[in-house]
Amino acid sequence: MKRKTWIFLMSTLIIFGVVFPIIVIFFWAFSERWYGTSLLPSKWGLKWFKVLLEGGDLGKSIYLSFTIAPLVVLFSALISIPAAYVVGTKSFKGKRLVENLVLIPLIVPPIASGIGLLSMYTNWGMIGSYWGVVLVHMIGGIPYMFRSVAAAFESIDPALEEASRTLGATRLQTMLKVYVPLVSPGVLAGSIFTFAWSLNEFVLTLLVGLPNITTLPVQIFHYVGGYYIAPAPASALSVVLIIPSILIVLLMERFVKIEYTAGAGLK
Amino acid sequence: MEAGKFERLKLFLYMLPLIGFYSVMFITPIVLIFLQSLGLYSLGHMGETHFTLEYYKKFFELGGTYMHALWFSTWNSAVAALIIAVLAYLMALFFHFIEFKGKKIVTAIYKIPLFIPYLISAFAWWTLLTPGGYIQRFLAWLGIIGETTQLVNDKFGIGIIVANVWINLPYMVVLLVGALKMIDPSIIEASRTLGAGFWSTVKNVIFPLTIPSFIAGSLLVFIGMFGAFSVPFILGGSWPKYMSITIYEDVVDRGEWGVGSVQAVVYMIAAVLIAYLYTKIMRGMRGGGERA
């Protein structure tokens, strides 16, 4: 009985600690009027979503965020998969070095490399360009994709390829029948992480994307980054971004061993 | 099997897109920043360039803005990392050793902060901790703090620590649960059979085995908070500031690329140092595993 009580307490504390700040965001998003002294909003409604929709901010940000992210996933996969194949299945000098170097872009603070990119983009005339933002999102997206896919390739028994070839399968058949099914979970895991990364990337987008590329985080920054913080519209935008984030967590739990990828040193 | 010259060229070609991408998008900006910090390149308007140490002198000026920023971002992130380490360890023990109904739901929920954009987490905590926010009001009602006590934008960075802990805690828990899973259960059983209680087993058997992951995880969490932008931007005060904020203000608001670059170089050195330590610790773990 005592054991049960403290398990219950611990679980409640964890759930409450995580959910409470998020619920407050929802309160703000659906509040039409909230006086300073009252515990809850005095009027609930969709006012802020309407305001944002009519101003065009919401639609534009959603469009940008949710078209950039899949492109980032696609191009990160195209760049990562060949390299991950080599690192995951072959042994060569400098292999560990490649694996470790790919982690560096995740560890270097984005603001540090970002000022160099800002200057380069200015010289190239790429400030505020859509594809420029896709490129900067890939800097942090590729490491996730690469690690997940390389781990998937590594876990394949080399004997399988041999067996397939010995039994008369062509190179292409081996690729499609052996590698594709075994590697696709890794690609899926990498895609989810990369998608989430792109959706949430903020610092580099702010530096090189302004004034045109106002993804959801940048749009939120407009409402909270100045001298005055406007909680209600910022919360409404946040809700639009939080819902897919929570869906991503559930997807991960369902399909991917998050412990595995995080243990590899990613975040 | 010795890889032939042709084979090696093929391997290189497979990795070429990756190498090419990072050469342009990552290594080039870093090299330019480094040159700019020494006055050998101009990131801003293309003025004349000559070697100078004046930006470094400005950075290392004792009692100046930048030393304060470096010190503040270091201790503030370190405190948060310490709190995370302790809480995460307790949570990891809880999730690893205790089976209960509904565990699946709790383990899914605790990871949510990992996927919430930093900016939103920071701003959520701002609404809670600002005077009149739920938590600030609750603490004032309990009499722990005064009614107008500032928990955000204050000089100790209390709000920054709280938000950073909330954001990074699940990451550390995930990492530690992974480390606990790697411990051979028979070792723990042996300790219990020999009469050790749970906490003494944790102290004498489990904790020593998880120290590498513990340190490696703390290092990664630390560098993430140390260089983060959103959290200190929203929750930080006007003095002292995180170095990420002073870089942004120097470069974007004032066009002071020189001293901005020096700060970026300091960040990069810290990052490379931590990456090095991290891979060393991880390699040590791998080596130990093979011997066992």
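Quick caveat: nothing in here was measured; it's all calculated off a predicted structure.

**Q** Would you mind going over the overall build of chain B with me for this structure?
**A** In terms of regular secondary structure, chain B is built from 13 helices and zero strands. Starting at the N terminus and ending at the C terminus, chain B contains elements arranged as α-α-α-α-α-α-α-α-α-α-α-α-α. Judged by the C-alpha coordinates and their principal axes, chain B covers about 75 × 75 × 35 Å. Relative to its 292 residues, chain B shows a buried fraction of 41%. Counted over contacts in chain B with a minimum sequence separation of 6, partners at least 24 positions apart contribute 71%.

**Q** Sorry, what's going on with the interface of chain B and chain A here?
**A** Many descriptions give the size of an interface as the accessible area lost when the pieces come together. Opposite the 70 residues of chain B that make contact, chain A presents 66 residues. Tallying contributions element by element places helix H1 (residues 5-37) of chain B first for the side of chain B that touches chain A, with 14 residues. Along the lines of polarity and charge, the residues of the side of chain B that touches chain A split into 56 nonpolar, twelve polar and two charged.

**Q** I'm lost on helix H7 (residues 130-154) of chain A in this one. Help?
**A** Residue and element names in this part refer to chain A. Here H7 is 25 residues long and its end C-alpha atoms lie 35 Å apart, about the 36 Å a rise of 1.5 Å per residue gives. Most pronounced at isoleucine 139, the bend in H7 amounts to some 45°, and the proline proline 143 follows within four residues. Most of H7 sits inside the fold, with 21 of its 25 residues counted as buried.

**Q** What should I look at first to understand the environment of Ile158(B) in this one?
**A** Residues and elements named next belong to chain B. Position of isoleucine 158 relative to the elements: it lies in helix H8 (residues 158-181). Using a count of 19 C-beta atoms within 10 Å as the deciding quantity, one classes isoleucine 158 as partly exposed. For the pair formed by isoleucine 158 and alanine 271, sequence separation is 113 residues and the distance between their alpha carbons is 24 Å.

**Q** Please explain the packing of helix H2 (residues 47-55) of chain A against helix H3 (residues 57-89) of chain A as it appears in this structure.
**A** The packing of two helices is summarised by the inter-axis angle and the distance between the axes. Residues and elements named next belong to chain A. With their axes 4 Å apart at the nearest point, H2 and H3 run at an angle of 75° to one another. Compared by their axis directions, H2 and H3 come out roughly perpendicular. Between H2, through Leu52, Leu53 and Gly55, and H3, the contact on the second element is made entirely by Asp57, Leu58 and Gly59.

**Q** Any chance you could explain the nonpolar core here in plain terms?
**A** Proteins that are soluble and globular tend to have nonpolar side chains buried together. The biggest cluster of nonpolar side chains holds 154 residues, and the ones touching the most others in it are Ala122(B), Trp125(B) and Val173(B). Ranked by residue count, the leading element in this core is H8(B), at 16 residues. No fewer than three residues from each of domain 1 (1-45) and domain 2 (56-263) of chain A sit in this core. Beyond its immediate stretch of four places on either side in the chain, Ala122(B) contacts Ala163(B), Ser230(B), Val231(B), Ile234(B) and Leu235(B).

**Q** What is the right way to read the domain arrangement of chain A from this model?
**A** All names here are of chain A. Considered domain by domain, chain A is made up of domain 1 (1-45) and domain 2 (56-263). Using only C-alpha atoms to locate each centre, domain 1 and domain 2 end up separated by 32 Å. Counting residues at the interface gives six residues for domain 1 and seven residues for domain 2. The leading source of residues in the side of domain 1 that touches domain 2 is helix H1 (residues 2-29), at five residues. Its residues placed into classes, the side of domain 1 that touches domain 2 shows five nonpolar, one polar and no charged.

**Q** What's the story with unusual backbone geometry in this structure? I'm lost.
**A** Only a minority of non-glycine residues have a phi that is not negative, and only a minority of peptide bonds are not trans. Here the residue pair Leu210(A) and Pro211(A) is connected by a cis peptide bond, since its omega of 0° sits within 30 degrees of zero. Structurally, the position occupied by Pro211(A) is in the loop between helix H10 (203-209) and helix H11 (216-224). A cis geometry characterises the amide bond from Trp239(B) onward to Pro240(B), with omega recorded as -10°.

**Q** Explanation requested: the confidence of the model for chain B in the structure shown.
**A** The predicted coordinates ought not to be read in detail in places where the model reports low pLDDT. For chain B, per-residue confidence averages 90 on the pLDDT scale, and residues scoring 70 or more make up 96% of the total. Interface predicted TM-score (ipTM) for the complex: 0.90; the corresponding pTM is 0.91.

**Q** It is not clear to me how the packing of helix H3 (residues 65-97) of chain B against helix H10 (residues 198-226) of chain B should be interpreted in this structure. Could you clarify?
**A** Residue and element names in this part refer to chain B. Running from N to C, H3 and H10 point in directions that differ by 140°, and their axes come no closer than 9 Å. As judged from the angle between their axes, H3 and H10 are oblique. The two elements H3 and H10 meet at a crossing, and its hand is right-handed. Together, Ser73, Thr74, Ser77, Ala78, Ala80, Ala81, Ile84, Ala85 and Leu93 of H3 and Val202, Phe214, Ser218, Val221, Phe222, Met225 and Phe226 of H10 make up the contact between the two elements.

Conventions used here
Residues numbered from 1 in each chain as written. Chains lettered and ligands numbered in written order. Predicted model: local features only at pLDDT ≥ 70, side-chain atom pairs only at ≥ 80, totals over all residues. Helix = DSSP H or I, 4+ residues; strand = E, 2+ residues; numbered from the N terminus. Buried ≥ 20, exposed ≤ 12 C-beta atoms within 10 Å, placed from the backbone. Contact = placed C-beta atoms within 7 Å. Nonpolar A, V, L, I, M, F, W, Y, C, P; charged D, E, K, R; others polar. Expected span 1.5 Å × (residues − 1). Bend = angle between axes of the 7 residues up to and from the residue. Axes fitted to C-alpha atoms, helices over the stretch in contact; angles between N-to-C directions. Parallel < 35°, antiparallel > 145°, perpendicular 65-115°, else oblique. Core = buried A, V, L, I, M, F, W, Y, C linked by C-beta atoms within 7 Å. Domains from an automatic or database assignment. pLDDT = per-residue confidence, 0-100. Left-handed = near helix turned anticlockwise from the far one by under 90°.

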